[in-house]
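For reference, the chains in residue letters:
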2 protein chains.
Amino acid sequence: MSLRHALLGLLTYEPMTGYELKQFFDSSVQHFWNAELSQIYPTLKALEEQGWVDKDVQVQDGRPNRKIYEITPSGRDEFLRWVREPQPPAEMRDPFMIKVFFGADVPVEDMLVLMRRQMDEHGKGLAFCETVLREKVKAVTHHMFTPRHALFWSLTLEMAMAYRRAYIEWCEMSMRLLEESVLEEGPSEHIHRLDHPKRDAG
Amino acid sequence: MSLRHALLGLLTYEPMTGYELKQFFDSSVQHFWNAELSQIYPTLKALEEQGWVDKDVQVQDGRPNRKIYEITPSGRDEFLRWVREPQPPAEMRDPFMIKVFFGADVPVEDMLVLMRRQMDEHGKGLAFCETVLREKVKAVTHHMFTPRHALFWSLTLEMAMAYRRAYIEWCEMSMRLLEESVLEEGPSEHIHRLDHPKRDAG
DNA sequence: TTACCCATGTAACCCGTTACATGATTTT
DNA sequence: AAAATCATGTAACGGGTTACATGGGTAA
């Protein structure tokens, strides 16, 4: 589980409550990671049991007490240990690829609709990175963090954008190939293959 | 869960046992999806309860009976329904990006080592796609499947390769930027920031 | 004789999401 | 008056991995 370490990482910036961590999360790493409060609270508890964070309770009335978590020295050690530990490469796990893989048995028009939609969605994601998130990185530099922090933040942003650009380009190429294949084979050939895919092969 | 539908998809090719499905899985979609036998067996059971597959038991002695699963008409319907259903875009969820995000507090040399390793691993993955998998797609076309199937298979392969190329390029760019930043700031500045990251900011 | 292939499964555990529960304060 | 913010959590469920259990046949 990387959530533990993501939380430790955020707590190296400053002590925070679970609620604040969630907000920080959403406003900083949301383009490549996210977490729900229902997962954050138990994880903080586990972190405390491990001795990697300390808890300071601020009593409130009318609402639940604020529990402010602060990273301990051993928490910092653990975090740095984890960061330097080799990380196996993230593998793709994309349900859309399953659909494409079996796309030969589906009307081409439907596949084109699906791909167009993927392209649009990734386009939106890319636009969001290029505007909102890019501005956020710029803004944050002038407040609490060094240019050095901004460098690393923007590297993660670049990766998110590179991924989406690659996806979009792939969609474009795929759609072009599919349209060409329709011209070559005729538009409705797939219908014959729907029931007995193998018999039509030879 | 897409595993149900991935299995249904494979069963549109021909009836198979769980064991054979696993092998087919490993040899066809392993570059963007995978599944363990311990997950496949219960899923087949669920598929059968849904009426999407039929089971034919081939009694054997000395080893467990072969249970050959065949997709039913309603299974085919369900599969086609699922394929055409809109698919939300797969989001990145990459633990390595967390490490990069917090990379400002780690010695640059360590970050460079980590990135080099990611680059190598993704390079290996890319090489595997370009040789083994590409050959497999070519080979399979001549046996059981149409050129049309080969087209869709190779699209998924292209996506896997595009992803890895994008990752590798990002690693190269990041390493370049990090090396430049060392020259500008001096190699060991980070050490001062390790304990009190915020105090050094202003 | 060591290891891999065949062939099935169960149980425990890990990580994550969604739904449920509470309820005052502030903004629209 | 409705909705969002603050602030904590629990419970149920979904999906996936690892470990455990069995055990004959075959290839290196």
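Residues numbered from 1 in each chain as written. Chains lettered and ligands numbered in written order. Predicted model: local features only at pLDDT ≥ 70, side-chain atom pairs only at ≥ 80, totals over all residues. Heavy atoms only, no water.

Draft legend 1. Here's a closer look at the protein's contact with DNA strand C. Around DNA strand C, 23 residues are found, and the nearest of them are M1, S38 and Q39 of chain A together with R66 and K67 of chain B. For DNA strand C, the fraction of protein-proximal atoms (within 4 Å) that sit in sugar or phosphate groups is 70%. A distance of 3.3 Å separates a sugar or linking oxygen of DNA strand C from a polar side-chain atom of R63 of chain A. Between Q60 of chain B and DNA strand C, the recorded distance is 3.4 Å, taken from a side-chain N or O atom to a phosphate oxygen. Mapped by element, the contributors of at least two residues to the surface near DNA strand C are α3 (37-50) of chain A together with α2 (18-28), α3 (37-50) and β2 (66-71) of chain B. (Near = heavy atom within 4 Å. Polar contact = N/O pair within 3.5 Å; in protein donor to acceptor, adjacent residues only side chain to side chain. Helix = DSSP H or I, 4+ residues; strand = E, 2+ residues; numbered from the N terminus.)

Draft legend 2. The arrangement of the protein's contact with DNA strand D in detail. As a structural note, the neighbourhood of DNA strand D is formed by 23 residues, with Q23 and K67 of chain A together with M1, S38 and Q39 of chain B the closest of them. Backbone sugar and phosphate groups make up 70% of those atoms of DNA strand D lying within 4 Å of the protein. A distance of 3.2 Å separates a phosphate oxygen of DNA strand D from a polar side-chain atom of Q60 of chain A. With respect to DNA strand D, the side chain of R66 of chain A contributes an N or O atom lying 2.8 Å from a phosphate oxygen. Of the residues assigned to the surface near DNA strand D, the class counts are 7 nonpolar, 10 polar and 6 charged. (Nonpolar A, V, L, I, M, F, W, Y, C, P; charged D, E, K, R; others polar.)

Draft legend 3. Layout of the relation of the copies chain B and chain A. Between chain B and chain A, which share one sequence, the superposing operator has a rotation angle of 180° and an axial displacement of 0.0 Å; the RMSD is 0.1 Å. The two molecules are tied by a two-fold rotation axis, judged by turn and shift. Comparing interface residues between copies, 100% of those in chain B also lie at the interface in chain A; the contact surface is shared. (Least-squares fit on C-alpha atoms with pLDDT ≥ 70 in both. Contact = heavy atoms within 4.5 Å.)

Draft legend 4. Structural detail: the environment of E91 of chain B. As for its position among the elements, E91 of chain B is in the loop between α4 (73-84) and α5 (95-101). Along the chain, E91 of chain B and V59 of chain B lie 32 residues apart, while their C-alpha atoms are 45 Å from each other.

Draft legend 5. Quick peek at the interface of chain B and chain A. Taken together, the contacts link 80 residues of chain B with 80 residues of chain A. For the pair chain B and chain A, the two sides together bury roughly 8,100 Å², of which 70% comes from carbon and sulfur. Applying the counting criterion to the chain B and chain A interface returns 2 salt bridges. Between R84 of chain B and D110 of chain A there is a salt bridge, with its nearest N and O atoms 3.1 Å apart. Counting every contact that joins chain B to chain A gives 17 residue pairs in polar contact (both at pLDDT 80 or more). Secondary structure elements with two or more residues in the side of chain B that touches chain A: α1 (3-11), α4, α5, α6 (108-143) and α7 (147-185) of chain B. No other element matches α7 of chain B, which puts 21 residues into the side of chain B that touches chain A. Partitioned by chemical class, the residues of the side of chain B that touches chain A number 47 nonpolar, 15 polar and 18 charged. (Buried area = accessible area lost by both parts, 1.4 Å probe. Salt bridge = Lys/Arg side-chain N within 4 Å of Asp/Glu carboxyl O.)

Draft legend 6. Structural view of the pattern of salt bridges. In the structure shown here, the tally under the stated rule is 20 salt bridges over all chains. Across the salt bridge formed by E135 of chain B and K138 of chain B, the nearest N and O atoms sit 3.7 Å from each other. In this pair, E135 of chain B and K138 of chain B are both assigned in helix α6, 3 residues apart and thus about one turn of the helix distant. A cluster of three or more residues bridged by salt bridges with shared partners is formed by E78, R81 and E85 of chain A.

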